[in-house]
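Residues per chain, in single letters:
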Amino acid sequence: MTRRISLTQYLIEQQRQHGHIPQELRLLIEVVARACKRIAISVNKGALGEVLGTAGSENVQGEVQKKLDIIANEVLIEANEWGGHLAAMASEEMEGIYVVPNRFPQGEYLLMFDPLDGSSNIDVNVSIGTIFSVLKKPEGSAGVCEADFLQPGHQQAAAGYCVYGPQTTLVLTVGDGVVMFTLDREQGSFVLTEDEVKIPEDTKEFAINMSNMRHWDAPMKRYIDECLEGSTGVRGKDFNMRWIASMVADVHRILTRGGVFMYPWDKREPNKAGKLRLMYEANPMAFLVEQAGGAATNTRQRILDLQPSQLHERVSVVLGSKNEVEQITRYHLEAGK
């Protein structure tokens, strides 16, 4: 029988043997994982826990909040505010940053999260998840302010997500590859189930909301048209389309078996660069995908090189199998010329 390695043991080995993560970051990741376990319990209870449906409020994005959105946000804040590892947190569900109260010790890290990605799927029992990103607080700053969070994605100390599906799976990178842990409900701990996750460079699957096709710009339409032409077209192969409408679930499929995920700019909101949030969704997912050998761009530039200008900045996203991402990006750059 293969020896089972828990998340805690894995992180300690990364700290002691490889020196990849400091102790404070290790403890922070463990706290986030425990919070995800609590969220998983609420998600699994569903109607029995009276957590389905809307909360009758909107978040800072102007989106109707689900009850579980609010519950997940509160769980993450309560779990992380008192441990002494964080200076502040930022959430997709909150307008401004949440500074750790003075009654608790302040740490050197900043935590950002989308507490429950894929909220539209909550009531129909489709996979949803929590996305998180960890940054180091800039040195020489006495307090903490929103500007401290505005760091390009390549400066992330760690990133990951937890997908609540048939299994509860935690996917993590600390900048040294990608690993997956599955929640053993009997033991109550995350157990390492896949090491050295790799995304194939080539794929025959794409994930995009085709109902928006009439709103895309020409390079995106060109790419999708070529995929739809199949083996008789210029690509010379047949593609399958997958779309779950939950970024966590779509990216998890890509990390597991390859593919390309696209959420592009469209002309309905021409002044917005895209739909997804750079800080809470695009950056952590791009970090994971690159660490697994894939690529991630905003259709023109590497996502991890983008300099954020505001906390809730939006961005176009193309990520997944490297060769497909590069082709889509090339089409957009050529059109720009």
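Preceding this section is the structure that the text describes.
Overview of the structure.

## Quick look at the overall build of the chain
- From N to C terminus, the chain includes 7 helices and 17 strands.
- The globule rule puts the C-alpha radius of gyration for 337 residues at 20 Å, and the 20 Å found for the chain is close to it.
- Referenced to the eigenvectors of the C-alpha coordinate spread, the extents of the chain come out at roughly 60 × 50 × 45 Å.
- Counting only contacts in the chain whose residues sit at least 6 apart along the sequence, the fraction spanning at least 24 positions is 63%.
- Accessible area for the chain stands at about 14700 Å²; split by element, carbon and sulfur atoms hold 46% of it.

## Quick look at unusual backbone geometry
- The phi angle at Asn125 is positive, at roughly 60°, despite the residue not being glycine.
- Tracing the backbone through its elements, the reader meets Asn125 in the loop between strand S5 (109-117) and strand S6 (128-136).
- Non-glycine residue Thr299 carries a positive phi angle of around 85°.
- Considering the arrangement of structural elements, one finds Thr299 in the loop between strand S15 (295-297) and strand S16 (314-315).
- For Thr299, a relative accessible area of 4% puts it in the buried group.

## Topic: the pattern of salt bridges
- Scanning the entire structure with this criterion turns up 15 salt bridges.
- As a salt-bridge pair, Glu92 and Arg277 come within 3.8 Å of each other at their nearest N and O atoms. Of this pair, Glu92 sits in the loop between strand S3 (86-91) and strand S4 (98-99) while Arg277 sits in strand S14 (residues 276-277); the two residues are 185 residues apart in sequence, bridging distant segments of the chain. For the pair formed by Glu92 and Arg277, the shared burial category is buried.

## What about the packing of helix H2 (residues 23-45) against helix H3 (residues 67-80)?
- Remark: H2 packs on H3, axes separated minimally by 9 Å, with the N-to-C direction vectors making an angle of 150°. On the basis of the axis angle, H2 is roughly antiparallel to H3. The element H2 and its partner H3 pack so that their crossing is right-handed. Residues Leu28, Val31, Val32, Ala35, Arg38, Ile39, Ser42 and Val43 of H2 pack against Leu68, Ile71, Ala72, Val75, Leu76, Glu78, Ala79 and Asn80 of H3.

## As for the packing of aromatic side chains
- Per the counting criterion, the structure on display carries 4 aromatic pairs.
- Consider the rings of Phe206 and Phe239, whose centres lie 6.3 Å apart with planes at 55°: the pair is tilted. Of the two residues, Phe206 sits in strand S11 (residues 205-207) while Phe239 sits in the loop between helix H4 (218-229) and strand S12 (240-241), which places them 33 residues apart along the sequence.
- Take Phe206: its relative accessible area is 3%, and that puts it in the buried class.
- Between Trp243 and Tyr263 the ring centres are 5.9 Å apart and the planes differ by 65°, which places this aromatic pair in the edge-to-face class.

## Focus on H4
- With 12 residues, H4 should cover 16 Å at 1.5 Å per step; its first-to-last C-alpha distance of 16 Å lies within 8% of that length.
- Looking only at H4, the buried set comprises Pro219, Met220, Tyr223, Ile224, Glu226 and Cys227. All buried residues of H4 fall inside an arc of 155° around its axis, so they share one side. Of the exposed residues in H4, the ones pointing more than 90 degrees away from its buried face are Ala218 and Leu228.
- Those residues of H4 that are buried lie in contact with S11, strand S13 (260-263), strand S17 (317-320) and helix H7 (322-336).

## Notes on the sheet that holds S15
- Across the sheet, 5 strands lie side by side as S12-S11-S13-S17-S15; this open sheet has mixed pairing. Every interior strand has two partners, whereas the edge strands, S12 and S15, have only one.
- Of the strands in this sheet, S11, S13 and S17 touch H4, which is tilted by about 140° from S13.

## Concerning helix H1 (residues 7-18)
- A rise of 1.5 Å per residue sets the reference length of H1, with its 12 residues, at 16 Å; its end C-alpha atoms lie 16 Å apart and thus fit the reference within 8%.
- Considering only its buried residues, H1 is in contact with H2, strand S8 (168-173), strand S9 (178-184) and strand S10 (189-194).
- Two residues or fewer after H1 comes Gly19, characterised by a positive phi angle close to 65°.

## Comments concerning the side chain of Asp250
- Note that Asp250 resides in helix H5 (residues 247-257).
- You can call Asp250 buried: its relative accessible area is 0%.
- Aside from chain neighbours lying at most four places away, what touches Asp250 is Ala207, Arg242, Trp243, Ile244, Ala245 and Phe261.

Calculation notes
Residues numbered from 1 in each chain as written. Predicted model: local features only at pLDDT ≥ 70, side-chain atom pairs only at ≥ 80, totals over all residues. Heavy atoms only, no water. Helix = DSSP H or I, 4+ residues; strand = E, 2+ residues; numbered from the N terminus. Rg over C-alpha atoms; globule rule 2.2 N^0.38 Å. Contact = heavy atoms within 4.5 Å. Areas by Shrake-Rupley, 256 points an atom, 1.4 Å probe, with all protein chains shown as cover. Buried < 20%, exposed > 50% of the residue type's maximum accessible area, 1.4 Å probe, protein only. Salt bridge = Lys/Arg side-chain N within 4 Å of Asp/Glu carboxyl O. Axes fitted to C-alpha atoms, helices over the stretch in contact; angles between N-to-C directions. Parallel < 35°, antiparallel > 145°, perpendicular 65-115°, else oblique. Left-handed = near helix turned anticlockwise from the far one by under 90°. Phe/Tyr/Trp six-rings, centres within 6.5 Å; stacked < 30°, edge-to-face > 60°. Expected span 1.5 Å × (residues − 1). Arc of directions from axis to C-beta. Pairing = 2+ DSSP bridges.

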